[in-house]
Amino acid sequence: MLAISRFNVPDEQTADFRARAEAAVAFFTGRPGCAGAWLLQNLDEPTLWTITSQWENVGSYRRSFNGYEAKLVLVSLLSEAIDEPSAYASPEEVGENLPRYRD
């Protein structure tokens, strides 16, 4: 399973963003079930960044958000991500993907 969180970071905020994003990547790579995590910058639009991580399964990814340290390192940073779905899996894993309705 892949988790892709995209960010639009103004040039003047790049240094701060990179420090926080690199801490998040280091945190993810130390969690059980994480096969890798990367901070990547868009080749054509340098203000676009992504934290992309690969996980054994969705449960491992979701459990990585448990605990006090996760709240410190991940929550404020990921709340700045572009608001879009971020978890991806192979079509065989997803199965029939019905829309989720909100009340």
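Summarised in this report is the structure supplied together with it. Since the model is a prediction, treat every value here as computed from it, not as a measurement.

As a further point, take the packing of helix α1 (residues 14–29) against helix α3 (residues 68–78). α3 packs onto α1 with a crossing angle of 130 degrees between their chain directions and a minimal axis gap of 10 Å. With respect to α3, the element α1 is oriented oblique. α1 and α3 meet at a crossing whose hand is left-handed. For the pair formed by α1 and α3, the contact residues are F17, R20, A21, A23, A24, F27 and F28 on the first element and E69, A70, V73, L74, S76, L77 and L78 on the second. Of the residues in the contact of α1 with α3, the class split is 11 nonpolar, one polar and two charged.

What follows is about the pattern of salt bridges. Applying the stated rule across the entire model yields four salt bridges. Its salt-bridge partner being R6, residue E84 comes within 2.5 Å of it at the nearest N-O pair. Placement of the pair is E84 in the loop between α3 and β4 (87–88) and R6 in strand β1 (residues 2–8), with a sequence separation of 78 residues. Note on R6: relative accessible area 32%, which makes it partly exposed. One salt bridge connects R20 with D16, and the closest N-O pair in it is separated by 3.1 Å. Here the residue R20 and the residue D16 both occupy positions in helix α1, the gap between them amounting to four residues, near one helical turn. Overall, the relative accessible area of 25% leaves R20 in the partly exposed class.

Moving on to the pairing of strand β3 (residues 48–55). Within β3, six of the eight residues are buried, which leaves the element mostly enclosed by the surrounding structure. Bridging between β1 and β3 involves seven bridges; their strand directions are antiparallel. In the strand pairing of β3, A3 is matched with S53. As paired strands, strand β2 (residues 34–41) and β3 are joined by seven bridges and run antiparallel to one another.

Note: strands within a sheet are paired through backbone hydrogen bonds, in either parallel or antiparallel orientation. Pairing is antiparallel across the open sheet formed by four strands, whose spatial order is β2-β3-β1-β4. In the strand order of this sheet, the two ends are held by β2 and β4, each with one partner. Taken together, the two bridges between β1 and β4 define a ladder with antiparallel strand orientation. Bridging from a neighbouring strand, L2 pairs with Y88 of β4. On top of the sheet, α1 reaches β1, β2 and β3; it is set at about 170 degrees to β2, its chief contact.

Calculation notes
- Residues numbered from 1 in each chain as written.
- Predicted model: local features only at pLDDT ≥ 70, side-chain atom pairs only at ≥ 80, totals over all residues.
- Heavy atoms only, no water.
- Axes fitted to C-alpha atoms, helices over the stretch in contact; angles between N-to-C directions.
- Helix = DSSP H or I, 4+ residues; strand = E, 2+ residues; numbered from the N terminus.
- Parallel < 35°, antiparallel > 145°, perpendicular 65-115°, else oblique.
- Left-handed = near helix turned anticlockwise from the far one by under 90°.
- Contact = heavy atoms within 4.5 Å.
- Nonpolar A, V, L, I, M, F, W, Y, C, P; charged D, E, K, R; others polar.
- Salt bridge = Lys/Arg side-chain N within 4 Å of Asp/Glu carboxyl O.
- Buried < 20%, exposed > 50% of the residue type's maximum accessible area, 1.4 Å probe, protein only.
- Pairing = 2+ DSSP bridges.

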